[in-house]
Amino acid sequence: MSCVDYIQSISYKGGKYHLYYKVTFSKILMELAEEDVDDFMKDFNEEFVEPMPDFFSANPVNTELEVGVEFSFDIDPKNATEEKKEVLPKKAGNKYLIPFSFGNELSQADDFDSLDAESESIAMAMMSTAKFRILIAKNIIPTVETAYFKGTGKKDFSIPFFDFGDSYCLEIPYIVFFERTMYNFNEIVIIPHG
């Protein structure tokens, strides 16, 4: 699954939120795994793209190196329906809650039960290189002290973040989604400084 590239960005301008998502897969790695690109994208579209709400604008991505889809839309929070508000950042006390749209689906990923020890080790190493990046504009969240997925027990999953100038970039390793029972992947919790 190191062939996965995921970007989600959230910005705010002119009284509207702009949300952008891009999910792509490496054609080269699919070919090495003897995965048919067309069949894979058909399954991906049925599982992820078709269930998306109507207000998402979806465009296919198909280059020499990757295949996938990008989504984008603008939302005026003053006139937004309840369905649209569900994908917007929220403030709850001193925390911000950022919806992670594909988190629940990713946590349903196949596990390694059918692999032998050596194959499992190789698969884990490959997946440890795949990262999901979430960009959040600083005019939405001006400072970040910590970011995490809330744990179902007492331990949360800390998400590394980096200052990208006008935005913060959160980097989520794909491998964490195999801990499906340990964390709530539907939203990212961010605590600002102060």
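Residues numbered from 1 in each chain as written. Predicted model: local features only at pLDDT ≥ 70, side-chain atom pairs only at ≥ 80, totals over all residues. Heavy atoms only, no water.

**Here's the deal with the sheet that holds strand β11 (residues 167–173)**
Piece 1. Here seven strands make up an open sheet; going across it, the order is β3-β4-β2-β1-β7-β11-β10 and the pairing mixed. A single partner strand is all that each edge strand has here, and the edge strands are β3 (57–62) and β10 (161–163). Adjacent strand axes in the sheet meet at a mean angle of 15°, parallel and antiparallel pairs treated alike.
Piece 2. In this sheet, strand β7 (residues 131–137) lies alongside strand β1 (residues 4–13) in parallel orientation, the contact comprising five bridges. Across the sheet, residue Q8 finds its bridge partner in β7, namely I134.
Piece 3. Along the sheet face, helix α2 (residues 37–49) touches β2 (16–26), β3 and β4 (66–75) and points at about 25° away from the line of β4. (Pairing = 2+ DSSP bridges. Helix = DSSP H or I, 4+ residues; strand = E, 2+ residues; numbered from the N terminus. Axes fitted to C-alpha atoms, helices over the stretch in contact; angles between N-to-C directions. Contact = heavy atoms within 4.5 Å.)

**Notes on the sheet that holds strand β6 (residues 95–99)**
Piece 1. In space, the five strands of this open sheet follow the order β5-β6-β12-β8-β9, with antiparallel pairing throughout. Sheet topology places β5 (90–92) and β9 (157–158) at the edges, where each strand pairs with a single neighbour.
Piece 2. For strand β8 (residues 146–149) and strand β12 (residues 187–191), the ladder comprises three bridges, and the chain directions are antiparallel. Within β12, the residue paired with A147 across the bridge is I190.

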